[in-house]
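Residue-level structural notes
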Amino acid sequence: MKRAALLPYCVAAAMVVVWYFVSKTGLFPPSAFPSPGAVARAFIQEAASGRLFNDVVSSLFRVSCGFLSAIALGIPLGIWMGQILSARIAFLPITNFFRNLSPLAWIPFAILWFGVGDLASIFLIFLSVFFPIVLAAMAAVAGIPAVYFRVARSYGLRRFEKLTQVTLPAIMPQVITALRVTAGVAWLVVVAAEMIAGRDGLGFAVMDSRNGLRTDILVVEMIVIGVIGVLIDRVLVQLTAIPSVRWGYER
Amino acid sequence: MKDSPPLYLQNVSLSFGSVEVLRDISLSVARREFVAIIGPSGCGKSTLLNVLSGDSQPTSGTIARHGRMRMVYQQDGLFPWQTVAENISLGLRTLADEAKRAQQVAELVELIRLRGFENHYPHQLSGGMRQRVELARALAGDSDMLLMDEPFSSLDYLTRLRLRGDLARLLDERPRTVVLVTHDIEEAAQLADRVLVLTDRPARIRNEISITAPRPRQLADGSVVTAVRQILAELDMEVPSEITR
């Protein structure tokens, strides 16, 4: 490993040291500023009880359902809007409207329609991913250079082949970037959604710790939420290593 | 059908609204003939090429095409998401036999001297290499005619000269009917059997220069130099007295 690769770990370690000394000063009471040691003990306790694991699984399940259903519907719709001008004229303003409406504003209706539980959170995550992904796929399709379609025609590609051999590969780099961005948003939204519309999950756990004044557990949950968010992006960034999409990132 | 010319235009005109771009163009390209179309920039060369390829419809006049036609673009006509071999295979789509296709791709890669680059992507190649792949793709399989839209204009001068030589050599190996649109006078003079000089917009055929010397030719050949002079004179860029000989 190169020396530079160690730098992020040094920064993290330094932060823990600063945190330790601030908690030592007594500037805040321990209940408002738990020490690293208290958080470490809370982590062991939470991990051993299995509650932390359950919350992580619940949150990941909701994010996966909402995210996957949103891209399964959003990418085809975006492609359709990118290809057909009248579809774009008709649906772009309303898509923009919903894209700029915070999904959190839907929380009351989510609860009224789906009750407290999985479906409400999945619905909110769906909304937070669906509209941005439609817009990204649409813009990517509309931006495909016309020369590729002329080449496709010149070489006799049929309609379906144009879709699979030109349109889809041409938008892949931009779609992958959009997936990374929206997966991040979905992870933010699930925590907020579960705080209000959940009976378990990391968001609910944060609220629960607050109500029980267990700030040590709260910090454990904050760290887990942040680390999982980073891991989700680490997984999705692997998509950019696919040889047939590299061109999109190297111009 | 065999005797009908691969490309035939009669009294073709095209206007975009009130802007007249092409006026009364008639042209018959013979099988295996290399025709270059040259003209001042903005005169409607590319519009003419779009009419030839069928991407634009003329306002009046008739067009007849026979055989499979392929376009070669200025740059970035290759699919960036496909490797060199995959791009070339696009020209071999009608060949059902996998093994034969692979063998043809290998031959073409050899022909453009890119062995070892089969699995590279276009963005990993230089501009000249990319354009050679374009040529290989267009020459693959049983295409009859190439329509080339300033295929070398985005390359630096030396690469352009080299690619011009490559094109002449490739056409020697795999003869095709070619229509080349260019503003490069040398390119037209070195490669073509016949050079059509267009007027300013609306483009008409101002004159036709036949170059009878056999192909492939060298850039400094007498026939090429003479043709360059004739083209320059047609474009009012050189005084006619210099070509009287």
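Calculation criteria
Residues numbered from 1 in each chain as written. Chains lettered and ligands numbered in written order. Predicted model: local features only at pLDDT ≥ 70, side-chain atom pairs only at ≥ 80, totals over all residues. Helix = DSSP H or I, 4+ residues; strand = E, 2+ residues; numbered from the N terminus. Rg over C-alpha atoms; globule rule 2.2 N^0.38 Å. Contact = placed C-beta atoms within 7 Å. Pairing = 2+ DSSP bridges. Axes fitted to C-alpha atoms, helices over the stretch in contact; angles between N-to-C directions. Nonpolar A, V, L, I, M, F, W, Y, C, P; charged D, E, K, R; others polar. Parallel < 35°, antiparallel > 145°, perpendicular 65-115°, else oblique. Left-handed = near helix turned anticlockwise from the far one by under 90°. pLDDT = per-residue confidence, 0-100. Core = buried A, V, L, I, M, F, W, Y, C linked by C-beta atoms within 7 Å. Buried ≥ 20, exposed ≤ 12 C-beta atoms within 10 Å, placed from the backbone.

A separate point is the overall build of chain A. If you tally the helices and strands in chain A, you get 10 helices and zero strands. Ordering the α and β elements of chain A from the N terminus gives α-α-α-α-α-α-α-α-α-α. Its C-alpha atoms give chain A a radius of gyration of 22 Å, more than 25% over the compact-globule value 18 Å for 251 residues. C-alpha extents for chain A along the principal axes are approximately 75 × 55 × 30 Å. In chain A, the share of contacts with a sequence separation of at least 24, taken over all contacts with a separation of at least 6, comes to 74%.

As a further point, take the sheet that holds strand S4 (residues 60–65) of chain B. Residue and element names in this part refer to chain B. Judged by pairing direction, the sheet is antiparallel, and its three strands sit side by side in the order S2-S1-S4 without closing on themselves. Every other strand in the sheet has two partners, leaving strand S2 (19–29) and S4 as the edge strands with one partner each. Ignoring strand direction, the axes of neighbouring strands in this sheet form an average angle of 20°. Contacting strand S1 (7–16), S2 and S4, helix H1 (residues 45–53) crosses the sheet at an angle of about 55° to S2.

This part is about the sheet that holds strand S6 (residues 145–149) of chain B. Residue and element names in this part refer to chain B. Ordered by their spatial adjacency, six strands build an open sheet running S5-S6-S7-S3-S8-S9, and the pairing between neighbours is mixed. In this open sheet, the two edge strands, each paired with only one partner strand, are strand S5 (69–72) and strand S9 (205–210). If you compare each strand with its neighbour and ignore which way they point, the axes differ by 15° on average. Looking at chain direction, strand S3 (residues 34–38) and strand S7 (residues 177–182) are connected through five bridges and run parallel. Following the sheet pairing, Val35 is matched in S7 by Val179.

Once that is clear, we can look at the interface of chain A and chain B. At the interface, 16 residues of chain A touch 14 residues of chain B. In terms of residue count, the dominant contributor to the side of chain A that touches chain B is helix H7 (residues 146–154) of chain A (five residues). Of the residues contributing to the side of chain A that touches chain B, the split by class is nine nonpolar, three polar and four charged.

Right, let's get into the packing of helix H8 (residues 159–197) of chain A against helix H9 (residues 202–211) of chain A. Residues and elements named next belong to chain A. Relative orientation of the contacting elements H8 and H9 amounts to 55°, with a least axis distance of 6 Å. By the angle between their directions, the pair H8 and H9 is classed as oblique. Note that H8 runs across H9; the crossing there is right-handed. Contacts from Val190, Val191, Ala192, Ala193, Glu194 and Met195 of H8 reach H9 at Leu202, Gly203, Phe204, Val206 and Met207. Taken together, the residues of the contact of H8 with H9 sort by class into nine nonpolar, one polar and one charged.

Moving on to the confidence of the model for chain B. Residues and elements named next belong to chain B. For chain B, per-residue confidence averages 87 on the pLDDT scale, and 96% of positions sit at 70 or higher. No element of chain B has a lower mean pLDDT than H1, which averages 85, and none a higher one than helix H2 (residues 84–90), which averages 93. Here the complex is predicted with pTM 0.85, and the ipTM for its interfaces comes to 0.84.

Attention now goes to the nonpolar core. Most often, soluble globular proteins have nonpolar side chains that are buried together. Counting 127 residues, the largest nonpolar core has Leu124, Ile125, Ile133 and Ala137 of chain A together with Ile88, Val195 and Ile231 of chain B as the members making the most contacts within it. Sort the elements by how many residues they give to this core and helix H6 (residues 118–142) of chain A lands first, with 17 residues.

Quick look at unusual backbone geometry now. Residues and elements named next belong to chain B. With an omega dihedral of -5°, the bond running from Arg201 to Pro202 counts as a cis peptide bond. Tracing the backbone through its elements, the reader meets Pro202 in the loop between strand S8 (194–198) and S9. Residues Arg215 and Pro216 are joined by a peptide bond in cis, for which omega reads -10°. As for its position among the elements, Pro216 is in the loop between S9 and helix H7 (222–234). Although it is not a glycine, Glu150 sits at a positive phi angle of roughly 40°. Relative to the assigned elements, Glu150 resides in the loop between S6 and helix H5 (157–173).

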